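# Descriptive analysis of the structure
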Amino acid sequence: MALRTSSLETLSSDLEGRLISPTDDDYDAQRQVFLGDFDKRPAAIARVANADDVARVIGFASDTGVELAVRCGGHSAMGQSTTDGGLVLDLRDLTTIDIDPETKTAWAGAGLSAVELTKATGEHGLAVGFGDTGSVGISGITLGGGIGYMVRKHGLTVDSLLAAELVTADGELHHLDADHDPDLFWAIRGGGGNFGVVTRLKYQLHDTSGAVGGILILPATVETVTGFIAAAESAPEELSAIANVMPLPPMPMVPEDLHGTMAIMAIMVHLGDVAAGEAAVAPFKALATPLFDGVGPMAYADIYPPEDPSYRPMPAQRGMFLDHVDRAVAQTILDRLEASDASLRAAQLRVLGGAMARVPADATAFGYRDRRILVQLVNFYDGTPEDYAHRRAWVDEFADAVDQGVEGAYVNFVTIEGPRAAYPKATWERLAAIKQRYDPTNLFRLNQNVPPAGDDGGGPSPALSRLER
Ligand SMILES: Cc1cc2nc3c(=O)[nH]c(=O)nc-3n(C[C@H](O)[C@H](O)[C@H](O)COP(=O)(O)OP(=O)(O)OC[C@H]3O[C@@H](n4cnc5c(N)ncnc54)[C@H](O)[C@@H]3O)c2cc1C
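About the cut-offs
Residues numbered from 1 in each chain as written. Predicted model: local features only at pLDDT ≥ 70, side-chain atom pairs only at ≥ 80, totals over all residues. Heavy atoms only, no water. Near = heavy atom within 4 Å. Polar contact = N/O pair within 3.5 Å; in protein donor to acceptor, adjacent residues only side chain to side chain. Areas by Shrake-Rupley, 256 points an atom, 1.4 Å probe, with all protein chains shown as cover. Helix = DSSP H or I, 4+ residues; strand = E, 2+ residues; numbered from the N terminus. Core = buried A, V, L, I, M, F, W, Y, C linked by side-chain atoms within 4.5 Å. Buried < 20%, exposed > 50% of the residue type's maximum accessible area, 1.4 Å probe, protein only. Domains from an automatic or database assignment. Pairing = 2+ DSSP bridges. Axes fitted to C-alpha atoms, helices over the stretch in contact; angles between N-to-C directions. Salt bridge = Lys/Arg side-chain N within 4 Å of Asp/Glu carboxyl O. pLDDT = per-residue confidence, 0-100. Contact = heavy atoms within 4.5 Å. Buried area = accessible area lost by both parts, 1.4 Å probe. Nonpolar A, V, L, I, M, F, W, Y, C, P; charged D, E, K, R; others polar.

## Structural notes on the site of the ligand
Close to the ligand lie 33 residues; C72, G74, S81, I147 and Y410 are nearest. A distance of 3.0 Å is found between an oxygen atom of the ligand and a backbone nitrogen or oxygen belonging to H75. Contact between the ligand and G137: an oxygen atom at 2.8 Å from a main-chain N or O atom of the residue. Contact with the protein chains hides 91% of the accessible area of the ligand, taken as 950 Å² for the molecule alone. Of all the elements, helix α5 (residues 138-144) adds the most residues to the shell around the ligand, at 4 residues.

Dropping the structure here:
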């Protein structure tokens, strides 16, 4: 649907925030999202200033039928926070932070990144767990679940979500918590951006004094990969780890002759007292002589190092759950990684369980809480269709080789599987019924889409990259 300039001018004058159009000097910078292969050209980008602006943009999209993309941190694996020819509702100016150290809670604007909120709460020795990358938006990660360095101790990010404010398709602002609009509150805790636009989120914060963590790099062999997973499974719940098995990138802290050799690049955090933390990380350090050992007492907020804002990776990727990583699986992982020459290739492994698994399955819309291990396979391509096809095939063959038939997927990592893979049948049907109630026309469809109940089509077909549209 092409937008008339006059209607965009009207929207612009109605907004307290700013409407950016292709003639603006900063249009190219503003339209960029994290992944380099979603190079789309929206008709306009609305940098909203408050919830009223959000309602105005939603009303405009509803009236005109223009495709609406909702953007926080811009890290969608499917490029779903931008659009060709449509309207981007950009939340990045909603950055207020209101921390109450007494109750250990924080209201956070929906446009913040994980690192921005983590640094702010870190001033009080407190934090809520997001993922492994600071530039990921708090909204996108929270609405899909959120799996990071607190997952075993405090559960998913949604398990620390106490309340939220949400503007629905009819423009109404809802205050959601356990007692108000409980259906919507259930749905946004795992159901993504299907139900409206979140403008503020209230989190329970957790004490981070005594944190022990950081980067541990080990040589990757069958023994260290299986040993790492075994250590993570038997570690106290206070410890959560993310292990990237990959050829070592040129990192200054590792001698040059080791660059390119197969390594486990792990980041782990133990939350508790320092002595318990040192004891919990010791089994990992004992797996082999570390190539780099940066694990020790830390300020939790330092888990997010500075990032290069010009970094625009182009990955073919696939995620799945595993039951176990035995010697055969570890060997397959190493062989497949060795067999590729992609500029970056990795198998990222996360042992789950603990607090995440204790929350009842139907308490939130997140699917598959009892899964044991999450793996994400990644292979970067160079932007050409030929290379994409080649890297895609590598990822798919790798996925087939390690597939243990474990049902489910993590919605924030979903690509070709489609969103339905992320939810058990009963969860999917409940989400669809709530969608039917609050967004019957599927206005919010540029996301991991749950079509309204009774709508068989609905939602965009999975476009993996600009090369597959
Ligand atoms: C490098 C990288 C590392 C990652 N690491 C982790 C990790 O460790 N753990 C983990 O759990 N996930 C991780 N993810 C996945 C990440 O959680 C999802 O991609 C998430 O959707 C990104 O959120 P965003 O706000 O940055 O993205 P955006 O692209 O801005 O948003 C993604 C989608 O969320 C919805 N949305 C965003 N904001 C709102 C809002 N306020 N209201 C309604 N809907 C909204 C929209 O549908 C949008 O399309 C990672 C992704 C990347 C690229």
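## Description of the nonpolar core
One finds F130, I188 and Y203 to be the most contacted residues of the largest nonpolar core, which totals 64 residues. Mapped onto this core, the elements with two or more residues apiece are β6 (105-109), α4 (114-122), β7 (126-127), α5, β8 (161-167), α7 (182-188), β10 (197-204) and α13 (425-438). Two domains each put at least three residues into this core: domain 2 (97-207 + 418-446) and domain 3 (212-296 + 305-413). If you look at the next biggest cluster of nonpolar residues, it comprises 46 residues, including V295, A316, L349 and W394.

## Regarding the sheet that holds strand β3 (residues 68-71)
Strands sit in the order β1-β2-β4-β3 across an open sheet of 4 strands; the sheet is mixed. Looking at which strands have only one partner, the edges of the open sheet turn out to be β1 (18-20) and β3. Across this sheet, the average inter-strand angle for adjacent strands is 20°, counted without regard to direction. Where strand β2 (residues 44-47) meets strand β4 (residues 87-90), 4 bridges bridge the pair, whose relative direction is parallel. Its bridge partner lying in β4, R47 is registered against D90.

## Considering the pattern of salt bridges
All chains considered together, the criterion is met by 25 salt bridges. The partner of D28 in a salt bridge is R41, and the shortest N-O contact between them spans 3.8 Å. Here D28 is found in helix α2 (residues 27-31), whereas its partner R41 is found in the loop between α2 and β2, with 13 residues between them in sequence. We note a salt bridge from D302 to K119, for which the minimum N-O separation is 3.8 Å. In this pair, D302 is assigned in the loop between β16 (296-297) and β17 (315-322) and K119 in helix α4, connecting sequence segments 183 residues apart.

## Details of the confidence of the model for the protein chain
Mean pLDDT over the protein chain stands at 95; residues scoring 70 or higher make up 97%. Below pLDDT 50 for its whole length, residues 458-469 participates in 37 contacts with residues either more than four positions away or in separate chains.

## Remarks on the sheet that holds strand β5 (residues 97-100)
Taken together, 5 strands build an open sheet; the order of strands is β5-β6-β10-β8-β9 and the sheet is antiparallel. Two strands bound the open sheet, and with one partner strand each, they are β5 and β9 (173-177). Geometrically, the sheet is characterised by an average inter-axis angle of 10° between neighbouring strands, direction not taken into account. Of the pairings in the sheet, the one linking β8 to β9 comprises 5 bridges and is antiparallel in character. The residue of β9 that forms the bridge with A164 is L176. Together, β5, β6 and β10 form the strand contacts of α4, whose direction differs from that of β5 by roughly 35°.

## Details of the domain arrangement of the protein chain
Domain boundaries in the protein chain define domain 1 (5-90), domain 2 (97-207 + 418-446) and domain 3 (212-296 + 305-413). Between the C-alpha centres of domain 1 and domain 3 the distance comes to 34 Å. On the side of domain 3, 8 residues touch domain 1, which itself brings 7 residues to the contact. Buried area between domain 1 and domain 3, both sides added, is near 680 Å², and the carbon and sulfur share of it is 53%. On the domain 1 side of the interface with domain 3, the three residues burying the most area are F34, G36 and D37, jointly 58% of the side's total. On inspection of domain 1 and its partner domain 3, the count reaches 0 salt bridges. Seen at the junction of domain 1 and domain 3, the total is 4 residue pairs in polar contact (both at pLDDT 80 or more). Split by residue class, the side of domain 1 that touches domain 3 holds 4 nonpolar, 2 polar and 1 charged.

## Some words on the environment of Y149
Mapped onto the elements of the fold, Y149 is located in the loop between α5 and α6 (151-154). Each C-alpha atom of the pair Y149 and A46 lies 33 Å from the other, and the pair is 103 residues apart in sequence.

## A few points about the side chain of N194
Examined against the element boundaries, N194 turns out to sit in the loop between α7 and β10. Under the relative-accessibility criterion, N194 is labelled buried at 0%. From its side chain, N194 meets the backbone oxygen of G191 in a polar contact 3.0 Å long. Those residues in contact with N194 that sit more than four places away from it in its chain are K435, D439, F444, N447, Q448, N449 and V450.

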